[in-house]
Amino acid sequence: MAQQDIQHYMRGGTLQLAALPPLSLYVHLPWCIRKCPYCDFNSHEAVGEMPEQRYIDAVIADLEAALPLVWGRTVHSIFIGGGTPSLFSPQAIDRLLGDIRARLRLEADCEITLEANPGTFEKDRFKAFRAAGVTRLSVGVQSFDDQHLKALGRVHDRAQAIAAVEEAAQAFDTFNLDIMYALPGQTMESLERDMRQALALQPPHISIYHLTIEPNTYFAKFPPVVPEEDTAYAMLDKITELTEAAGLRRYEVSAYAKAGHQCFHNLNYWQFGDYLGLGAGAHSKLSFAHRVVRQVRYREPKLYMEKALAGEAVTQETEVSRADLPFEFMLNALRLREGFKLQDFTEKTGLPITAIQQGLEEAERKGLIERDFARVKPTERGFDFLNDLQSLFLAG
Ligand code: SF4
């Protein structure tokens, strides 16, 4: 699909966005050492040498074709995700960031996150990633228990996970640990051990994921025995209790941070900000004065590289309909402990507040939100029954 002429995005429409939201950049690097049995991300086993240089050429060609859509806008954060981006050499990441800086204006304190796995070989590169301009590392630890790591098909072990986190703490002022729970064979005791080990390393940020069995994964074909739903709820309560006691506050359904260490990039997603997604299978959400547009890039890395180098990386583009915008906004904003300002809804969707009035009234009646004239916040109950709360805003 060829990039549309910019006039196409600027033409009149029924939405009225007074200003454009902050813009973030996502770059997808799609290779991993091997595929984990639970993983449904766009990740591919690296067979032989990764085509680092060609892939970065493709990402930059992709960016150049997309530039007219974000002309004049400042980038507030960059997230390099995957896959396992730490498999890319620090030189390649340095070139990627340099090429991005040459084409886009970055905010002075632009947060630049890179996802890394705890293998020894990746760990030895952490300082070089910092020197390349990465400001925040997100370490895919998942667990510190060798048995659980094995069940998850991870290539690292407990000792490597600890060494990687210690290295991240030395090289970066801020970093994240990804931790999973409700794992095969996990008990409340082993969950608590895992969390105590994670917190002993004093991470400023933790992201918590419930292991879910996704279609088209190895686990979907050969499902492991995982804790019952009630146990999984109790585990999440335990995680929240332990992290809060360690000074990390749950600021989003699955994210916990010390003061000053919230992830700007993810906050921007949840606050319905804009993002340009570059790389294989990446998604974008971009606002214009009268419309909000979503794009998807070609998913398979080889095809993506061919298409991107020809300036045609986008395989799908849709305009978010007026009817779907309230739900899309609420799906994100209600994940936040502090909720959202009513004014943000109007600014980011271009719709009047009456578009969510009925949903808000019902949510309040059911005790799922609290609100005043300026702000809406999910209650404890709303947080626990988030799907029910979000669904009140589905287009009827
Ligand atoms: S390392 Fe991460 S992205 Fe790669 S296969 Fe495993 S879960 Fe998926």
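### Re unusual backbone geometry
Most peptide bonds take the trans form, and the phi angle of most residues other than glycine is negative. Here the amide bond leading from G82 into G83 is cis, since omega sits at 25 degrees, within 30 degrees of zero. Mapped onto the elements of the fold, G83 is located in the loop between strand 4 (74–82) and helix 3 (90–101). Of note, the phi angle at N216 is positive, near 65 degrees, even though the residue is not glycine. Locating N216 in the fold gives a position in the loop between strand 8 (205–210) and helix 9 (218–221). A residue is classified by how much of its surface remains accessible, and N216, at 79% relative accessible area, is exposed.

### With respect to the site of the ligand
Close contacts around the ligand come from C32, R34, K35, C36, Y38, C39, F41, S43, G83, T84, N117 and R154, and that covers them all. Class assignment of the residues belonging to the shell around the ligand gives a composition of five nonpolar, four polar and three charged.

### Some details on the pairing of strand 9 (residues 249–252)
Relative to strand 10 (residues 255–257), strand 9 runs antiparallel, the two sharing three bridges. Bridge assignment links R250 to a residue of strand 10, and that residue is Y256. Here strand 9 hands over to strand 10 after two residues, the two strands then running antiparallel side by side.

### A look at the domain arrangement of the chain
Domain annotation for the chain reports domain 1 (6–268) and domain 2 (323–396). Here domain 1 and domain 2 have C-alpha centroids that lie 27 Å from each other. The partner domain 2 presents 13 residues to the 13 residues of domain 1 that form the contact. Both sides together, the interface formed by domain 1 and domain 2 hides about 1100 Å², and carbon and sulfur atoms give 55% of it. On the surface where domain 1 and domain 2 come into contact, there are two salt bridges. A salt bridge links R249 to E338, with the shortest nitrogen-to-oxygen separation between them at 3.0 Å.

Reading guide: rules and limits
- Residues numbered from 1 in each chain as written.
- Predicted model: local features only at pLDDT ≥ 70, side-chain atom pairs only at ≥ 80, totals over all residues.
- Heavy atoms only, no water.
- Helix = DSSP H or I, 4+ residues; strand = E, 2+ residues; numbered from the N terminus.
- Buried < 20%, exposed > 50% of the residue type's maximum accessible area, 1.4 Å probe, protein only.
- Near = heavy atom within 4 Å.
- Nonpolar A, V, L, I, M, F, W, Y, C, P; charged D, E, K, R; others polar.
- Pairing = 2+ DSSP bridges.
- Domains from an automatic or database assignment.
- Contact = heavy atoms within 4.5 Å.
- Buried area = accessible area lost by both parts, 1.4 Å probe.
- Salt bridge = Lys/Arg side-chain N within 4 Å of Asp/Glu carboxyl O.

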